[in-house]
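Architecture at a glance
Here's the letter readout for the chains.
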Amino acid sequence: MITHSSVMQRGSQEEIRILHVDDDSSITDLTGTFLEREDDRFTIETATSADEGLERINDRPPDCIVSDYNMPGTDGIEFLQTVRAEHPDLPFILFTGKGSEEVASDALTAGATGYIRKQSGSEQYELLANRIGNAVGQYRSERRLSETRREYATIFENARNALLLIDVEEGGFRYQRCNPRAVELIGRNRSKIVGARPREALGPENGMKVVGAYRKCVQQREPVRYTVTLDLPVGQVIRESEVTPVSSDGEIERLVAEFRDVTEQHQRQRDLEKIETLFQHAQDSLFLINASSEFIVERVNPAYEDETGVSASEMQDQTLEQLLGEEQARAVEAQYTECVDRREPLQYTEELQFGSEPSYWETRIAPVVLDGSVEYIAGATRNVTEHKERERELREERRFIEQALDALDGLFYVLDTDGTLRRWNDRVPELTGYTDDDLAGMQAVELFPEDEREAIADSVATTLADGEATVDADLRTAGGGRLPCEFTGAQLTDEEGNVAGLVGVGRDLTERRQRERRFQALVEESKDNVSIIDADGVFQYQSPAIERILGYEPEETIGDTAWEYVHPDDRERLKNTFGEWVTTPEPTGTVEYRARHADGSWRWMEANGNNQLDNPAIEGYIVNSRDITERKENERKVKSITTQYKALVENFPGGGVFLLDQQMRFVRAGGNGLERMGLTSADFEGNTPHDLYPGDVADEQVRYLERTFDGENYTYRQEFRGKHYELRTMPVRDDTGEVVYAMAVSRDITQQVKQKHEVQRQNERLEEFASIVSHDLRNPLRVAEGWLELIREECNSDHIDDVAQALDRMDALIEDVLTLAREGDQVDETDPIVLANMATDSWQTVNTEQATLETGTTRTIRADQGRLQQLFENLYRNAIEHGGDEVTVSVGAMDDGFYVADTGSGIPESGREEVFEAGYSTNEDGTGFGLRIVRQVADAHGWKVAIAESEEGGARFEITGVEKLE
C-alpha cells in the first residue's frame, strides 16, 4: 500500500480521506498526485485488490472509495456490493478504463455514487476530484443531519420536561409526537395522545385551556409562557408550560410545547405561606438560631417580642452573649450544642432574665439539617413563670393538707385504678403495724383476711365504676390480728373527667362491734317495709314497718297513690320504672328515690318489686323498700371529704393548726381555738413565737420546734393565759425528704385537766361508798334470791312472785345508786358526736317494744360518749314506762342544745322539778333514779335540763348549754 498525503494548511477545511483500489499501482500513484493537487483536503490511501480494500475499510472506513472495475478476483461491481452490505451510504465512485452502458447501469444499480471512465488528459482528474468533493460533502451533510435527528430524538425522548410536537392545522391543532415524560404527566397512553386533538387527548375543559395558549403563540409568532391547572387522570395538577412556534418558509407549521409539573412546588409555596402565617401569629414564642459557633439570632416572631419586651430588630443578628449576657448565654449554648451534636429535638425548662425580674421558660428546640449539616436551630418557648409559681404553691398546699390528714384519728388512703395503695396518712401504719415500705405498692386487698377480700375488691370496683361505695370489713394487722373498720370510698377523676383512682376514709369500729356483740341478744333486726300496689300505683297494703320508717300509720296510706309520697324530682322517673316493672313477671332490680316522712322531711328509700298482679291471693305488685337515708348521707360526706379536710385546717375544733418555716415564723394558722386565745390567724402569720407568747412559753415552743426540724415528732403540754393546751409537732418534708416546715396542732384541754383533778378527788370519796353499796347490799340480796329459789321449789304461793319482783327492784335501785355514785358530776374527755347517730345507737340498747324513734337533726355536739348514751337510755326508758309500748320518741336540735320528746301522758308543770330527785317515781316498778342520772349527766357536762310539754301533749326534755360544732 502506498499512501499519498498533502500537508494540510493550518486553518484548512476538514480532511477528506480517499481509498483508491486498482490493481495497477501506477494508476493509483498518478491519480493520487492529481487529486491532491486539485484539493488540499484530500488524503489518498491505496489498495491493489478488493480484498485489500475491504481490510482497509474494516480497519478505518474512508470518506470516499474510488475503485477500478476490471480487477483480478473480485471486480469493482462485486467490491461495491460487498461495501454496500456494511456501508450503504459511503460514497463509492467507479473509476474504470472499461466503459460501457451496461457496466455503468450495473454500477448505479449496485449503489455506486458515480461512474467515470478513465481517459487521457488531466481533465478527468479534475472531474474525479469534483465528484469526490460533492459526494463526500453530501454524505457528510446527510450523516450530520441523521446524527442531529438522532440527537434531537434522544433529547426529545429523554428530556426531563414533557414535550409535545403539535401540527398546526386549518381550524385547530393535533399532537404529532410526545415524549415519555409527557405521557407520564398527562396520564394516558401514547396512542391516546399522538394523532389526537387537545380536547380528545386532555378532555374538553382541559383542551380549551391549552388551545387558548396555542392560538396566542400562532397569532404573536413568538413563544408563550403560561401556568394552567388541569384535571387529568392522575388528579388535579398544576403545569408550568411554554409553547414555541416552528416556521417553514414564513409559515408556522408546527408548535413545540414544553411543560413541567409544578404541583408540589405550588403546594410547598402554599405550605411555606401557611408556616409563615403560623410563625407570625403563633401564641408561643418562636425563634430561629443560626447554628454558627456563636449561635446568632436569625428571626423571632411577634409573640417572642411581646413576651420578652425586646424587639425583633434588637435581637436579630445578635449572639446569645450579646442578648443574654455571658452567664445566661453559657447555659443556653450548652442546650444548643447538645441539640446540634445529637441532631435530635430537646425539651427543657430554663430561667432567663430579659428585664428586671427573672422568668421561667418551657423550651423545645430542633436541629434544621441542610445538605447533611445542622445549619439552624428552630425553637418554640413559652413563659411558664406563673405556672411554676402555682406549682410551688400547690406543693406547699399539698404538704400542708397531708400533715393535717396525718393528724386525723381515722384512716385516709388513695388507691390507683388497679387497687394499688398510692397514698396514706400516718394512722394507716399506726393501726396496721405495717411500715411505709411494706405499704408501698401493696394491693389494697392484701390488707384484709382471705374471707374479706372479695367484698373489698367488689367495693373498689363499685367505687371506680359508680363513684362511691361503703363497706364494713376486718383489717388484718401486720401481727395477724383483725381490726373491724368501716371504709367509705369516692371516685377520683383527672381534669378531663377520667377515673384516676379512689380516695377513702376508714373508721375503727372496734368499740361499735363490742357493743353490738354485748347487746346482740337484745337487738331486733330491722324489717323492710312491704307494700302492695295495684296497677294504677294505689296502695292496697302497708306493713307496720312504714310507721317506723316514714312515721305513717299503715292504715292512713291505704287508698293513696304512691306517687303522692315521692319527691317531685323523682316522681316521673319512678313512674316510668314502675311502668316497666308491671310488664314483667320476673323480680326486678332496685331503684332509689326520696319519700316524704310524716314530719315533712324527705327520706331516701331503696326498693325492689315482684309482680303478683295475676296472683288471686294478692292481685297487686309487691314492693320491698328500706330506708337508706344514712347511707346516702355517708355518700354525700365522702363526696365532700376534700373540702372537709381543708375546712378541718381552717376550723380545727377546739384548738389550732400552725405551720412554721425554718426561721420560726408562722406561715399559716387556723382553727376555732385561736379566738379563745384572743388571737386571729393574721396575728400569727409572719410572726415568731417570741412575738406572741411570754418568754418561757416561747422558749419551750422553739425548743420542740427545733427538734421537729431535725425530723422528730413531739407531744407536750403548755399553760397559757390560764388555759391548758396539748401540742403535737411534726416535720413537713418536700419531695426530696428535706424538712422545710414544722406543723403544730394544739388542743385546749383545760376542761379535761380540771375534770381530771375533780374526778380524782371525787373518786376517793365515792369509791368507799360504792364498795359498801356493792358489797354490803348486794351480798344479802343474792342470799335472799337464793333462798327464794329454794322456797319456790318447796311450796307454791302467790307471794313468791311479789317477793321476786321486790328483789329485782332492789337490784335496779342498787345499780342506779352505783351509777350515781361512780359516774359523778364530771366527765373526763369530750369528743365530737353526731347527735342523730348517738340517739339511734342508744335506742338499740333499750327494750323499746313497739315504740318508734324519730330523728330529724344533723347536729354535731361535743360530749362524753358513754355519759351521753346513759342520758338517752334513761330518757327512752322513762318515755316507755310512762307512755306505753307504742309511744313515739323524737330527738331534735335546738339553738343551744337538743331535746327528747315523747307522745306519752306528759309531766304536770307542778311536778317537773321533783322528777329529778333521787328515788322519785310515779311507777311502782320504777327505781326513781333514772331522771336523776339524766340531770347528773347534764351537770357533768355543764348543761341545763328542763321539762316542757311536747306538741303531742307528752313530755319534752330540753338540754341546753351544749357546745355545737356545726
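Residues numbered from 1 in each chain as written. Predicted model: local features only at pLDDT ≥ 70, side-chain atom pairs only at ≥ 80, totals over all residues. Heavy atoms only, no water.

- Where an unreviewed UniProt entry is consulted, the protein chain appears under the name histidine kinase, with the organism given as Haloglomus irregulare.
- Taken directly from UniProt, the Catalytic activity (unreviewed entry) text for the protein chain runs: "ATP + protein L-histidine = ADP + protein N-phospho-L-histidine." (UniProt positions renumbered as here; feature names shortened; annotations may be inferred.)

Quick notes on the side chain of Arg912
- With respect to the helices, strands and loops of the structure, Arg912 is situated in the loop between strand E36 (897-902) and helix H33 (930-941).
- Buried charge without a partner: Arg912 forms no salt bridge, and the closest opposite charge is Glu949, 4.5 Å away.
- Separated by 3.0 Å, the side chain of Arg912 and the backbone oxygen of Ile907 make a polar contact.
- Setting aside its immediate chain neighbours within four residues, Arg912 contacts Ile907, Ile947, Ala948 and Glu949. (Helix = DSSP H or I, 4+ residues; strand = E, 2+ residues; numbered from the N terminus. Buried < 20%, exposed > 50% of the residue type's maximum accessible area, 1.4 Å probe, protein only. Lys, Arg positive; Asp, Glu negative; His and termini not counted. Salt bridge = Lys/Arg side-chain N within 4 Å of Asp/Glu carboxyl O. Polar contact = N/O pair within 3.5 Å; in protein donor to acceptor, adjacent residues only side chain to side chain. Contact = heavy atoms within 4.5 Å.)

Topic: the sheet that holds strand E16 (residues 373-383)
- What the 5 strands build is an open sheet, ordered E13-E12-E16-E15-E14; its pairing is antiparallel. Two strands lie at the open edges of the sheet, namely strand E13 (296-300) and strand E14 (346-352), each paired on one side alone. Averaged over all pairs of adjacent strands, the angle between strand axes in this sheet comes to 30°, irrespective of strand direction.
- As paired elements, strand E12 (residues 285-290) and E16 share 6 bridges and run antiparallel to each other. Its bridge partner being in E16, Ile289 is matched across the sheet by Ile377.
- The sheet contacts of helix H10 (residues 263-281) involve E12 and E13, and relative to E13 the element is tilted by about 95°.
- Of the strands in this sheet, E12, E14, strand E15 (359-370) and E16 touch helix H14 (residues 326-342), which is tilted by about 170° from E14. (Pairing = 2+ DSSP bridges. Axes fitted to C-alpha atoms, helices over the stretch in contact; angles between N-to-C directions.)

Some thoughts on the packing of aromatic side chains
- The final tally for this structure, using the stated rule, is 26 aromatic pairs.
- Aromatic pair Phe666 and Phe684: ring centres 5.0 Å apart, planes at 80°, arrangement edge-to-face. Within this pair, whereas Phe666 is found in strand E28 (residues 666-670), its partner Phe684 is found in helix H26 (residues 681-684), the two being separated by 18 residues in sequence. Judged on exposure class, the residue Phe666 and its partner Phe684 are both buried. (Phe/Tyr/Trp six-rings, centres within 6.5 Å; stacked < 30°, edge-to-face > 60°.)

Section: helix H31 (residues 835-844)
- Of all the residues in H31, the buried ones are Leu835, Ala836, Met838, Ala839, Ser842 and Trp843. Taken around the axis of H31, the buried residues stretch over an arc of 165°, which confines them to a single face.
- Here the buried face of H31 lies against strand E32 (831-834), strand E33 (852-855), strand E34 (860-863), helix H32 (865-883), strand E35 (888-894) and E36. (Arc of directions from axis to C-beta.)

Points about the environment of Tyr704
- Looking at the element boundaries, Tyr704 is found in helix H28 (residues 695-709).
- Between the C-alpha atoms of Tyr704 and Tyr716, which are 12 residues apart in sequence, the distance is 8.7 Å.
- Residues in contact with Tyr704, not counting those within four places in the same chain, are Tyr714, Tyr716 and Thr729.

Here's the deal with unusual backbone geometry
- One non-glycine residue with positive phi stands out, namely Met664, at about 60°.
- Here Met664 is to be found in the loop between strand E27 (655-660) and E28.
- On the accessibility criterion, Met664 (12% relative accessible area) is buried.
- Even without a glycine there, the phi angle at Arg721 is positive, about 50°.
- Structurally, Arg721 is set in the loop between strand E29 (714-720) and strand E30 (723-733).

Focus: the environment of His20
- Relative to the helices and strands, His20 is located in strand E2 (residues 16-21).
- Here His20 falls in the buried class, since its relative accessible area comes to 2%.
- Spatially, the C-alpha atom of His20 lies 8.6 Å from that of Thr31, the residues being 11 residues apart in sequence.
- When near neighbours in sequence (up to four residues on either side) are disregarded, His20 contacts Ile27, Thr28, Thr31, Ile44, Glu45, Thr46, Ala47, Val66 and Phe95.

Overview of H14
- For H14, which comprises 17 residues, the first-to-last C-alpha distance of 24 Å matches the rise-based estimate of 24 Å (1.5 Å per residue) to within 8%.
- Within the sequence span of H14, burial applies to Gln328, Ala329, Val332, Tyr336 and Cys339.
- On the buried face of H14, the contacting elements are E12, helix H13 (320-324), E14, E15 and E16.
- Just past H14, the residue Arg343 takes up positive phi, approximately 55°. (Expected span 1.5 Å × (residues − 1).)

Quick word on the pattern of salt bridges
- This structure, assessed with the given rule, holds 42 salt bridges.
- A salt bridge links Arg56 to Glu45, with the shortest nitrogen-to-oxygen separation between them at 3.7 Å. Highlighted residues: Arg56 in helix H2 (residues 50-59) and Glu45 in strand E3 (residues 42-47), separated in sequence by 11 residues.
- By relative accessible area, which is 21% here, Glu45 ends up partly exposed.
- In this structure, Arg507 and Glu486 form a salt bridge, with 3.2 Å as the shortest nitrogen-oxygen distance. Of this pair, Arg507 sits in strand E21 (residues 499-508) while Glu486 is found in strand E20 (residues 482-493), placing the two residues 21 residues apart along the sequence.

Structural notes on the sheet that holds strand E10 (residues 235-248)
- If you trace the 5 strands from one edge of the open sheet to the other, you get E8-E7-E11-E10-E9, paired in antiparallel fashion. Strands at the two margins of the open sheet, each flanked by one partner only, are strand E8 (172-178) and strand E9 (224-232). Mean inter-strand twist for the sheet, computed between neighbouring axes without regard to direction, equals 35°.
- Relative to strand E11 (residues 251-261), E10 runs antiparallel, the two being bridged by 10 bridges. Bridge assignment links Ser241 to a residue of E11, and that residue is Phe259.
- This element, helix H5 (residues 123-158), spans strand E7 (162-169) and E8 of the sheet and lies at about 100° to E8.
- Contacts from helix H9 (residues 204-220) reach E7, E8, E9, E10 and E11, with the element oriented near 165° to E9.

Re a negative patch on the surface
- Taken together, the side chains of Glu553, Glu555, Glu556, Glu849, Asp885 and Glu886 define an acidic patch exposed on the protein surface.
- The topology assignment puts Asp885 in the loop between H32 and E35.
- Note on Asp885: relative accessible area 43%, which makes it partly exposed. (Patch = residues over 30% accessible without salt bridge, like charges linked within 9 Å, V, L, I, M, F, W, Y side chains within 5 Å. Areas by Shrake-Rupley, 256 points an atom, 1.4 Å probe, with all protein chains shown as cover. Charge placed at Lys NZ, Arg CZ, Asp CG, Glu CD.)

Examining the nonpolar core
- Of all hydrophobic cores here, the largest spans 37 residues; its most connected members are Leu868, Phe872, Tyr876, Phe898 and Trp943.
- Looking at this core, the elements that each hand over two or more residues are H31, E34, H32, E35, E36, H33, strand E37 (944-949) and strand E38 (955-960).
- When residues in this core are grouped by element, the largest group, 7 residues, is from H32.
- Ignoring anything within four residues of it in the chain, the contact list for Leu868 reads Ile833, Met838, Ile861, Ala863, Phe898, Val937 and Trp943.
- One finds Leu202, Tyr214, Ile252 and Ala257 within the second-largest nonpolar core, a separate group that totals 30 residues. (Core = buried A, V, L, I, M, F, W, Y, C linked by side-chain atoms within 4.5 Å.)

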